[in-house]
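# Structural overview for review
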Amino acid sequence: MKRAIQYFLIIVLFSAWGIILTNKESFRESFQSVKRQYIDRPCAKPVEYAIGKIDPQFGVERTDLLSYAEEAERVWEKDSGKSLFQYNPEAELKINLVFDERQLGTIEADKLEGELGKLEASHDAISRQYDSLSGAYKKRADDYRDAVANYKKDLEEYNNDVAYWNKKGGAPEDEYEKLKKKRKELDERYDDLEKERKILNDLVEKTNSLAAKEQQVVNNYNSNLNSYRNKFGEAREFEKGVFDGLSINIYQFKEAADLRLTLIHEMGHSLGIGHTESPESIMHYLMSEQEMENPALTEEDMNELKGVCMMK
Ligand SMILES: [Zn+2]
């Protein structure tokens, strides 16, 4: 009547990973220093400007560039109360958008940042999936272990009874029937436990493959981050724009607010203003702590303007 019953302990493999997703770095860009004074008698009459050449790779319309230039003009004129600039399509001073490796780098950086953002989102989604799956697994595995322990206990009891009656040379009819029933019940429980074990191992497999997928996303993210850092991670200074006396060339900007700030800065040079000390000032040589959304002249900018315009 004895039956050797074997059960298998499940093997749980949770791969651990602890890769920290690190922050992206930004890069700084400098404005070009003033090359030469444009006007002999500053502020006596408005500096006239026109829209020159726009490289189509910037995707900026002439009318848009003009309206940014007009916004820049207003920033200078608002606080000074003077008419400092005047748009004139025939003006000698041209505002140009010149496309080269600087803007190409900006576009590339944008693309990589987008890529990194997508990978981060995908990592988050997989991570949430993993958490819920492994949580479900852990609860189920605990229940399974309890059921296995109970089964073992009952099996032992059954085997002891069988041994007892065998020693006596056999069991009476009613005991025999009882043991037969008990064995049938144990067999059913064994089958159920086996089913549950398979389900648990499936869960383990799914969880492990999610972990592998997550690892892949993390590797992908890290390799993208490395190439981003190699290309754009160093603090680099390059000219976003140049005023050379005859034209304002803009070489690099990220979005409209960036373009506008660069225009305000270069137009400041066209008034004869040099660079300032404070990083918040429009005329600081680096684009760093200026107010991008609502740019305004700082006291330092204003003092420079007063200086060149011989205002009180
Ligand atoms: Zn400058």
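Cut-offs used in this document
- Residues numbered from 1 in each chain as written.
- Predicted model: local features only at pLDDT ≥ 70, side-chain atom pairs only at ≥ 80, totals over all residues.
- Heavy atoms only, no water.
- Helix = DSSP H or I, 4+ residues; strand = E, 2+ residues; numbered from the N terminus.
- Buried < 20%, exposed > 50% of the residue type's maximum accessible area, 1.4 Å probe, protein only.
- Contact = heavy atoms within 4.5 Å.
- Areas by Shrake-Rupley, 256 points an atom, 1.4 Å probe, with all protein chains shown as cover.
- Disulfide = S-S within 2.5 Å.
- Pairing = 2+ DSSP bridges.
- Axes fitted to C-alpha atoms, helices over the stretch in contact; angles between N-to-C directions.
- Patch = residues over 30% accessible without salt bridge, like charges linked within 9 Å, V, L, I, M, F, W, Y side chains within 5 Å.
- Salt bridge = Lys/Arg side-chain N within 4 Å of Asp/Glu carboxyl O.
- Lys, Arg positive; Asp, Glu negative; His and termini not counted.
- Charge placed at Lys NZ, Arg CZ, Asp CG, Glu CD.
- pLDDT = per-residue confidence, 0-100.
- Phe/Tyr/Trp six-rings, centres within 6.5 Å; stacked < 30°, edge-to-face > 60°.
- Lys NZ or Arg CZ within 6 Å of the ring centre and 35° of its normal.

## Points about the overall build of the protein chain
- Helices and strands together make up the secondary structure of the protein chain, namely five helices and seven strands.
- In the protein chain, the succession of α and β elements from N to C terminus is β-β-α-β-β-α-α-β-β-α-β-α.
- Split into buried and exposed, the 312 residues of the protein chain put 41% on the buried side.
- In the protein chain, 79% of the contacts between residues at least 6 apart in sequence involve partners at least 24 apart.
- On the protein chain, roughly 18000 Å² of surface is accessible, and the fraction owed to carbon and sulfur atoms is 49%.

## Some points on the state of the cysteines
- By the definition in use, this model includes one disulfide.
- Two residues, C43 and C309, share a disulfide whose sulfurs are 1.7 Å apart. Of note, the bridge from C43 to C309 carries an S-S torsion of about -60° and is left-handed in sense. Linking C43 in the loop between β1 (29-30) and β2 (47-54) with C309 in helix α5 (residues 299-309), this pair joins segments that are 266 residues apart in sequence. Each member of the pair, C43 together with C309, is buried.

## Details of the sheet that holds strand β4 (residues 93-97)
- Ordered by their spatial adjacency, five strands build an open sheet running β3-β2-β4-β6-β5, and the pairing between neighbours is mixed. Only two strands of the sheet have a single neighbouring strand rather than two, namely β3 (85-87) and β5 (241-243). Shown here is a sheet whose adjacent strand axes are inclined to one another by a mean of 25°, direction ignored.
- In this structure, β2 lies alongside β4, joined through four bridges in parallel fashion. Across the sheet, the residue bridging to I54 is L97, located in β4.

## Section: a negative patch on the surface
- A cluster of acidic side chains, namely D110, E255, E291 and E293, defines a negative patch on the protein surface.
- If you trace the backbone, E291 turns up in the loop between β7 (286-287) and α5.
- Relative accessible area serves as the criterion here: at 43%, E291 is assigned to the partly exposed category.

## As for the pattern of salt bridges
- All told, the structure shown has 16 salt bridges when counted by the stated rule.
- Two residues, R197 and E194, come together in a salt bridge whose shortest N-O distance is 2.9 Å. Here R197 and its partner E194 are both found in helix α3 (residues 173-233), three residues apart, which amounts to about one turn of the helix.
- When its relative accessible area of 14% is taken as the criterion, R197 is described as buried.
- Taken together, the salt bridges that share partners define one network made up of D100, R102 and E239.

## Quick notes on the confidence of the model for the protein chain
- Mean pLDDT over the protein chain works out to 84, with 85% of the residues at or above the 70 mark.
- Taken as a whole, residues 1-28 scores under 50 in pLDDT and shows 73 contacts with residues more than four places along the chain or in a different chain.

## Quick look at the environment of E73
- With respect to the helices and strands, E73 occurs in helix α1 (residues 62-80).
- When sequence neighbours within four positions are dropped, the list of residues in contact with E73 reads Y49, F85, Q86, Y87 and M267.

## Considering the packing of aromatic side chains
- Taken as a whole and judged by the stated rule, the model has six aromatic pairs.
- Each ring, one from F58 and one from F253, has its centre 5.3 Å from the other, and the planes form 15°; the classification is stacked. Here F253 lies in the loop between β6 (247-250) and α4 (256-270) and F58 lies in the loop between β2 and α1, a separation of 195 residues in the sequence.
- Classification of F58 as buried rests on a relative accessible area of 10%.
- Here the aromatic rings of Y164 and W165 are separated by 4.9 Å at their centres, their planes lie at 80°, and the arrangement is edge-to-face.
- Accessibility expressed as a relative area gives 42% for Y164, which makes it partly exposed.
- Look at W165 and you get buried, because its relative accessible area is 17%.
- Members of the aromatic cluster, joined through ring pairs, are Y49, F85 and Y87.
- The side chain of R102 reaches across the aromatic face of Y251, ending 3.9 Å from its centre.

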